[in-house]
Amino acid sequence: NRVIRLVENYGTLPQACENVSMQRDTLVIPKRLTGTSAYFIGEGSAVTESEPTYGNVNLVAKKLAVSCRMSSELVEDAQGVVGLADAVANEFATSLSYTVDLCGWTGSANSASGGINGIVNKIAESAYSASVVTAAVGNISFETLDIEDFLGVVGKLPIYARQGAAWYVSPAGYAASIARLKYAAGGNTVENIGSAAGESFLGYPVRMVHVMNSTLGSDVSKVKVLFGNMSLSSIYARRRDFSVRLYDQVYATTDQLLLQGTMRFDVNHHSLGSTSEVGPVVALRTAAS
């Protein structure tokens, strides 16, 4: 009356981003680009005018789907043993959540990613170079990143983004870098070495992201860790949440049932800084050598 199911938990991307609902298949949100300017003027002089400028953040609902078929005999034999439809729905939810994470974190803006450019890839582009910290020479892996590299990331994050900021790193990367540095610090006792490792670092929480870079050993010029407030940099837009439908006529000639799970969403990492201005998220990249 149960299924042994050992799978990772996904869905970290929507939790990190600002969440909005789409009433139609497209959504346009205004974004401030520049503000007004203040000037000193003399008595009786005209005030110099300035105007704020705005751009648009465009979101287009993308349909993500998963399906499987099963025989009517399987459904009949499963009754009273396992809620088969519920079990399949759980599998659908896992695969959809995994794909959303994969696209939102590491998507390559191609058809396989639904045109979504993941934040790890996007922030590494030259247009956002001010938001990237390159580790010291020789620090070419998780195992060689040092505390100065991480402090450089914290020091670069704007003050407005510090409330709600967090570290984003793969579990393997966390163990080989952040956890290693925490336990290498002085002042440890037998009690705190033996206790559970709190998932926080330098005063900020650590969020595990399975789809982020987890390569151990030499891995030059790669974004390994993100730090900041992603609710200020990224939007996860929902047109329709995950739903499951059962079709009993599609494969009627073979006496099979079709289950489909679908959802409609989009992700836009709209504010990652520029070549001169640091955005609300900062990336830590390994050295080139």
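See the structure above.
Here's a quick rundown of the structure.

Scoring rules and cut-offs
Residues numbered from 1 in each chain as written. Predicted model: local features only at pLDDT ≥ 70, side-chain atom pairs only at ≥ 80, totals over all residues. Heavy atoms only, no water. Helix = DSSP H or I, 4+ residues; strand = E, 2+ residues; numbered from the N terminus. Buried < 20%, exposed > 50% of the residue type's maximum accessible area, 1.4 Å probe, protein only. Contact = heavy atoms within 4.5 Å. Areas by Shrake-Rupley, 256 points an atom, 1.4 Å probe, with all protein chains shown as cover. Salt bridge = Lys/Arg side-chain N within 4 Å of Asp/Glu carboxyl O. Phe/Tyr/Trp six-rings, centres within 6.5 Å; stacked < 30°, edge-to-face > 60°.

Digging into the overall build of the chain
The helix and strand inventory of the chain stands at 8 helices and 12 strands. Looking at the chain as a whole, 38% of its 289 residues qualify as buried. A sequence separation of at least 24 residues applies to 77% of the contacts in the chain between residues at least 6 apart. Working note: accessible area of the chain is about 15700 Å², and carbon and sulfur atoms make up 52% of it.

A word on the pattern of salt bridges
Tallied over the full model, the rule gives 4 salt bridges. Put simply, Asp266 and Lys62 hold a salt bridge, and the shortest N to O gap is 2.9 Å. In this pair, Asp266 is assigned in strand S11 (residues 256-269) and Lys62 in strand S4 (residues 62-71), connecting sequence segments 204 residues apart. Residue classification places Asp266 among the buried residues on the basis of a relative accessible area of 4%. A salt bridge links Asp241 to Arg238; the nearest nitrogen and oxygen atoms lie 3.4 Å apart.

Observations regarding the packing of aromatic side chains
Here the structure, examined in full by the defined rule, presents 8 aromatic pairs. Judged by centre distance (5.1 Å) and plane angle (70°), the rings of Tyr10 and Tyr98 are edge-to-face. A residue pair is termed long-range when its members are at least 10 positions apart, and Tyr10 in the segment before helix H1 (12-16) and Tyr98 in helix H3 (residues 84-106) qualify at 88 residues. Among the residues examined, Tyr98 registers a relative accessible area of 34% and is labelled partly exposed. When the ring of Phe150 is compared with that of Phe201, the centres are 5.3 Å apart and the planes differ by 90°; the resulting orientation is edge-to-face. You can see Phe150 sitting in helix H5 (residues 147-156) and its partner Phe201 sitting in strand S7 (residues 200-201), a full 51 residues away along the chain. Residue classification places Phe150 among the buried positions, given a relative accessible area of 0%. Accessibility expressed as a relative area gives 5% for Phe201, which makes it buried.

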